[in-house]
Every structure is written in C-alpha cells, then in structure tokens.
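One letter stands for each residue in the lines below.
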Amino acid sequence: MFPPFDQEKAKKICLSMLEDLKNKKLILEQCSKNKSADRTPGIMLGTLVCTDSEKKEIVLKAASGISRTLKYADKEFSDGSIFVPPVVAQKKIDEALLKNDEIIHVLTRRIDEAKKSGNEELYAELKKQRETLTTESLLNVFSLYDFCCADGKMRSLLSICGSSLPPTGTGDCCEIKLLHYAFLHKLTPLSMCQMFYSLTGEDGRHTGEVYPPCDERCGLLLPSMLGLEIVYRDSDIIVVNKQSGLLSVPGRGEDKQDCIVSRVRRLFPNCIVQPSVHRLDMETSGLMVLAFTKEAHKILSRQFEDGLVKKEYEALLDGVLAQKGIASEGSMELFFRLDIENRPHQIWDSEYGKCSLTQWQILRTERYSLAEKKARPVTRVRFIPHTGRTHQLRLASADSHGFGVPIVGDSLYGKCDEGERLCLHATSLSFIHPVTGEDMHFKSRAPF
C-alpha cells in the first residue's frame, strides 16, 4: 500500500526509538505466553505524529503484534510520547481461543496417528473436524476487533472483511493500532512511519528499514478506517480509488455532504476547500486525482480543459455486443443534453446536445451472476472518453444511438437489482504532475 501520510517526521522518531532500544532506555516487554513468539526474528516499530483539538503535537508509538509491548526502562527517560496498546488485549484473545484449544490439540495428535497408520478416511475426517474448530476459534478472536475510523464510527473487523476470513494477525499491525488510537481520541494524523527492528539478526530484512503498510492485512482495513483508498499522495496532489456509491463532491442537503472531497479534507485539514478537478458519478468507482493547493488545482484543471489528461474505464454491458453486429473496436460521436423534466437523465438532441466522443474496445464476452441468480452473458468493454460529458459512457452503452445495451447495474439507463452496483470503473489515469512536471500514470483493476 502507498503510505497514507507523510513519513519524514515520524521516521526520525522511529530512528530515535531504535537508538533508545540499543541504549536500553527503551525495552520490549514480553506479554505473551506463546513460546513461539520468543522466536520471532523481528517486529515493526511504528510512530504516528498527531495534533489534538488545540493543535498541540502528540506522538504515538507502537510495536507490531500482541506478544510484546514498548516501555521505558526508567521513568526518567520518558519523552511524553504515548505507547499505544493492542486493539485487543492478549488476555482476551487467550480466552477466545481457550474453548477449542484442548480438543484441537487432541485432534492434531489423532491426525498424526491416522496418517502413520495409513487410515486415509479417518485422517480426512479428523482434518475436517480440526479445520471447523480452528475456523470457529479464529472467528471468536476476530469478533473481538472493532476499529475507530476517521469519521468517528466504530467498525468491526468481520463487517469490514465481509464473508472472507482475514489473515491471522489482522488488526495487530502498527499502523492499525496507531490510527485506531488516534481516531478514538479525536487526534488528527500528520506523519506516520513504521520501521523494522531485528530481534535476532536472522531475518532477511535489516534494522532501520522503512516499510509501507502491508497489502495482506493493512490493505483490508485502512481504506475502511480512513474512508479512502489512497493510491498516491504528496504535498501537492492525492490520487484515490473511489468506491461505488460515494459522491465525488458534496451535493445539496445535509445528507449529501459525505463524499471524496469531504473525506480528503477530513484527513488532510490543510487541503484547499475545493480540491476536486474532475468527478466520477456516484455509482462509478475508480481513479480520481485531487489537488491540495490552489496552484496544483489550477494547473490540473487546465490539463483537463486542454484534453491532456488520459482516462480509461472498464465496464460490463448487459448483453453480447457481437450479436448486434458491433465491431470489436471503434469510436462514436453522440449528442446529449439534460432532460430538464427528468433530472439527472440526459437525452439525445442532435441540435442542442453537447458532443461526446468515445473510443471503445471489446475485451471479451463472459458470464455474470449476482448472488444465487442465474448467470447471463455480458460483454467486458474498455472505454476511452475523449470528452467529459455527464453520463457519457452510460449513454454510449445504453442509448439507441450508441450500443443500445446498458451497463450492468445502471439504475438510470438500465436496471439495477438489489445488492447490485454499476459495473463501471475508472481503471487508468494519466496526467502531468502540476509541480514537478513528471508524467504520472496510475492503474486500478476493475472490482467486477
């Protein structure tokens, strides 16, 4: 994952932590009964620099995992920073595992015996029983984890991960602990960093190496905790992967204030009031770039106006385009305007409509199904819009002047079944960095 916050200030504090560990001013205290934890070759040390409501700087520190905690060797070494505890205490985890622990050990012994005796049927049955109990124990542990998020709301680990079982240790990484504590205490993050610390010298990594949040565990939690999936960020711009169902900019009314812009400004209070330079429909997901400064906003806006920004989308269309005689690739020029009697719908108008130019490429035909419903044939299409008209790609798909085949889940120009989303995703975004002049290219896999 891309580091969500600037790392430099926190990195210096992490380096001082390593020095304090070396000089015995700081110690890692064992708090786990698990003997295997003693053989762990290394851990991550993390720091989060925050400000409170009075703009006072607060420094949070944490160690990864639940087997060790940081503490000062002596009170005289205290620098006023806060050592962040695990989200769930080791004692509670031990209690959650206790119910099935003994029988799992018995089953493991019987599995070994069945394997040695060659009784394959018994071996398979015992493994199945152990797997069921192990999953139950993991669920007991995971059900203990609730995280405070940037919006102040608590979200459980299991609700964030949905039907899939998260990897063991999810929720115990430095960044998760630090951000949970910060949001719980209404602190605003400024700088965050995690650094490897070798306990044995046997790990392939080196003490002092800086690592971004891990994809395996943090990648599951951080987007929900932050309210944003941050693809890239520097002092001038931020690129996010917008989720379907979230507005790009605030709408009219109190109930339409939650959007990409408000979430960016909540995480980065120094951001300009109007950071958006383009939008995605609420139902559309994918890549968006926003500006932190007025100068960056001005330059990016000009790039969009001059057609210098390159975008690509992927969509699932509800039918087989080849059966309608549509070529595998091509471009179309269409004219639409707002239907003032049926907002926000757009309607064809060759006289007063605005011109939209769209390039397409049929990728393949595949089967699509939602939940238990029967699978149906759909066409995966790559769209390259050369203009930025409202609902341009949805109209190119659904309108009779285009393909006449709506995008799956289109509630405006097609049909959207319960639990379904619009299958339209901004997969590629390219532009020139407004300050450095560097060519910036970003990709995002379609989630459908």
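Quick note: structure is the one above.
Being a predicted model, the structure only gives us computed values, none of them experimental. (Residues numbered from 1 in each chain as written. Predicted model: local features only at pLDDT ≥ 70, side-chain atom pairs only at ≥ 80, totals over all residues. Heavy atoms only, no water.)

1. Notes on the overall build of the chain
Link 1 in the chain: Per the secondary structure count, the chain includes 9 helices and 19 strands.
Link 2 in the chain: For the chain, the spread of C-alpha atoms along the three principal axes comes to 80 × 65 × 40 Å.
Link 3 in the chain: When the 448 residues of the chain are sorted by exposure, 45% land in the buried category.
Link 4 in the chain: Counting only contacts in the chain whose residues sit at least 6 apart along the sequence, the fraction spanning at least 24 positions is 65%.
Link 5 in the chain: Roughly 23600 Å² of accessible area belongs to the chain as shown, and the carbon and sulfur atoms make up 49% of that amount. (Helix = DSSP H or I, 4+ residues; strand = E, 2+ residues; numbered from the N terminus. Buried < 20%, exposed > 50% of the residue type's maximum accessible area, 1.4 Å probe, protein only. Contact = heavy atoms within 4.5 Å. Areas by Shrake-Rupley, 256 points an atom, 1.4 Å probe, with all protein chains shown as cover.)

2. Focus on unusual backbone geometry
Excluding glycine, most residues fall at negative phi; most peptide bonds, likewise, are trans.
Link 1 in the chain: The residue after Arg343, namely Pro344, is reached through a cis peptide bond having omega 5°.
Link 2 in the chain: Even without glycine at this site, Lys55 takes up a positive phi of about 70°.
Link 3 in the chain: By the element assignment, Lys55 lies in the loop between β2 (42-51) and β3 (57-63).

3. A few points about the environment of Ser400
Link 1 in the chain: Examined against the element boundaries, Ser400 turns out to sit in the loop between α9 (392-398) and β18 (424-432).
Link 2 in the chain: Through-space distance from the C-alpha of Ser400 to that of Trp348 is 9.3 Å; in sequence the pair is 52 residues apart.

4. Overview of the pairing of strand β17 (residues 376-385)
Link 1 in the chain: Inspection of the sheet shows strand β13 (residues 310-317) paired to β17 by 5 bridges, in the antiparallel sense. Its bridge partner being in β17, Glu314 is matched across the sheet by Arg382.
Link 2 in the chain: Bridge count for strand β16 (residues 354-368) against β17 is 10 bridges, and the pairing is antiparallel. Paired with Ile362 across the two strands is Val381, which belongs to β17. (Pairing = 2+ DSSP bridges.)

5. Details of the layout of surface pockets
Link 1 in the chain: Put simply, the largest pocket is a space of about 1600 Å³.
Link 2 in the chain: Along the walls of the largest pocket sit 39 residues, with Arg279, Leu280, Asp281, Thr390 and His391 positioned nearest its centre.
Link 3 in the chain: Taken together, the residues that form the lining of the largest pocket break down as 16 nonpolar, 13 polar and 10 charged. (1 Å grid on protein atoms, 1.4 Å probe; cavity = no way out; pocket = protein on both sides within 12 Å on 5 of 7 lines; lining within 4 Å. Points joined across faces, edges and corners; volume = space filled by probe spheres on them. Nonpolar A, V, L, I, M, F, W, Y, C, P; charged D, E, K, R; others polar.)

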